[in-house]
Amino acid sequence: MIPAFDSASLAPDPVLPFRDRLLDDAWTSATLSLAAAQGAGDGLRFRRIRSKYQYGSSLRVLYAATSPGASAPILLSLRAGPSGGGAAAYETALRRAEARPTLKPAGWLVKADAVYWRFPCDRKLAGLDRFVEGTGPLAELLGARCRTSLAAYAPERSATVQCMDGVRPLGFAKMMLDPETAERCIVAARLCEQAAAGSGLRLPRVLAADGQHRILVVERLPGRTVSELRGAPALAAVGALGEALAELHGLALPSGIPGFDRTACPQLRHAASVIAGVRPDVAGPVGRLLDRLLDEKPDEEGAEVCLHGDVHPKNALWGDGHVGLIDLDQAARGPAVCDLASFIAASVAASCASWPFPGGRDAVSPFLAGYAKRRPLPSLASLRWHTAA
């Protein structure tokens, strides 16, 4: 579950005039309860578990609906696009969606001009229903139908299920949006696995892959995600995460993975423009920060390494005193400082916003200390610049 969000600090969005209404959990929950409860029984309770907002473009929100006696929550993904497009989007959704016995596969919230889909119906992920049932291309990859349980879902982007052979876990399967994205992720996972062979670094083995059907299956590593830990165990795990990341950076750089470009000047200018548009009250400080970043960009940042690309406690598994790294979908080549600064920035942001993060700001020191056990740290100036970027 994500923290409550106050949209009052955001500038009006002329493309999404009902944005604030859709970010009001109480209003949206009440409206969804009335619109989606047909056949589902009384007493539905909604909680927001994911949201993605692009100023001037779209808003996507994922809700979990539970009812008394239900064995699992019902997932509803809600999307709002340019004003006035809800009716057409709803008609398109009805043509594509498959009928479901409890909730309508798609619905239209007229008062917010937004459309919602009931999982496993999805606006873009074709074949998601067969995937989460362990049939279709996934069953063909594994050689038989398997029992599955949903592990993660990002509407219009990806879904991950744990595959079981009876009571024995086989691994995790991920379906992605398009073949191009899937092929990139498959290549990155295989290259990282090959590079780590013979080292002490824990990375999941690729068990099966099908780029055409956008599916990657990897083994299940032991342990709990570092994000679940608190207190002293969390700090110990964060230190081990630093060590594991240093080991990844020490591998031979695989050929064929893309370059890391999120801190390139055009990307920084675009980010600053978006922030200034949605938060004009901070446009001045953001503009000054952008000027400093452009003026003070480090000239030498060290040799390129194999970056994880998404260093976060949820992407690290803690077990037996070691950390395994998962979700290398965004692996890239670039200076090591990019991964380190990503973790630092996430820790600081979580602390400022009171978001759950193992160790909060206190996680930075053991993380860097763990990394320094295996590899030299970048300069303080470089860490500061990339963290700010």
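Structure shown above.
Please read all numbers here as calculations on a predicted model, not as lab measurements.

Once that is clear, we can look at the packing of helix 10 (residues 337-353) against helix 11 (residues 364-372). Between helix 10 and helix 11, the least distance of the axes is 10 Å, while the angle of their chain directions is 165°. Overall, the two elements helix 10 and helix 11 adopt an arrangement that is roughly antiparallel. Helix 10 and helix 11 meet at a crossing whose hand is right-handed. Residues Leu340, Phe343, Ile344 and Ser347 of helix 10 pack against Val364, Phe367, Leu368 and Tyr371 of helix 11.

Right, let's get into the sheet that holds strand 6 (residues 147-154). Across the sheet, five strands lie side by side as 6-7-8-10-9; this open sheet has antiparallel pairing. Across the chains shown, the open sheet's two edge strands, defined by having one partner strand only, are strand 6 and strand 9 (206-210). On average, each strand axis in the sheet is tilted by 20° relative to the strand beside it, whichever way the strands run. Bridge count for strand 7 (residues 158-165) against strand 8 (residues 168-176) is eight bridges, and the pairing is antiparallel.

Within the largest apolar cluster, 42 residues are counted, with the highest numbers of intra-cluster contacts made by Leu201, Leu203, Leu248, Val323, Leu325, Phe343 and Phe367. At the level of secondary structure, the elements contributing two or more residues to this core comprise helix 6 (179-196), helix 7 (231-249), strand 12 (304-307), strand 14 (322-325), helix 10 and helix 11. It is helix 7 that contributes the most residues to this core, nine residues altogether. Setting aside anything within four residues of it in sequence, one finds Phe343 in contact with Val238, Leu241, Val311, Pro313, Phe357, Ala363 and Phe367.

Next up on the list: the sheet that holds strand 3 (residues 74-80). Read across the sheet, five strands follow the order 1-2-3-5-4 without closing on themselves; strand pairing throughout is antiparallel. Across the chains shown, the open sheet's two edge strands, defined by having one partner strand only, are strand 1 (45-54) and strand 4 (106-109). Neighbouring strand axes in the sheet, compared pairwise and without regard to direction, differ in orientation by 20° on average. In the sheet, strand 4 pairs with strand 5 (residues 114-118) via four bridges, with the strands oriented antiparallel. Bridge assignment links Gly107 to a residue of strand 5, and that residue is Tyr116.

Rules used throughout
- Numbering of residues begins from 1 in every chain and follows the order in which that chain's sequence is written.
- Predicted model: local features are reported for residues with pLDDT of at least 70 only, side-chain atom pairs are reported and counted for 80 or more only, and whole-chain, interface and lining totals are derived from all residues.
- Only hydrogens and water are set aside; all other atoms, that is, all heavy atoms of the structure, feed into the side-chain values.
- Working convention: axes come from line fits to C-alpha atoms, limited for helices to the stretch in contact. Angles between N-to-C directions cover 0 to 180 degrees.
- Secondary structure elements are defined from DSSP: runs of H or I of at least 4 residues count as helices, runs of E of at least 2 residues count as strands, and each element is numbered from the N terminus.
- Each angle receives one of four descriptions, namely roughly parallel if under 35 degrees, roughly antiparallel if over 145, roughly perpendicular if within 65 to 115, and oblique otherwise.
- Crossing chirality is assigned from the near helix's rotation relative to the far helix, an anticlockwise turn below a right angle marking it left-handed and a clockwise turn marking it right-handed.
- Residues are treated as being in contact if the distance between any of their heavy atoms lies within 4.5 Å.
- Strands are labelled as partners when DSSP assigns at least two bridges between them.
- Working definition of a nonpolar core: buried Ala, Val, Leu, Ile, Met, Phe, Trp, Tyr and Cys residues. They are joined through side-chain atoms within 4.5 Å.
- Burial classes follow relative accessibility: with a 1.4 Å probe on protein chains only, a residue under 20% of its type's maximum area counts as buried, one over 50% as exposed, and anything between as partly exposed.

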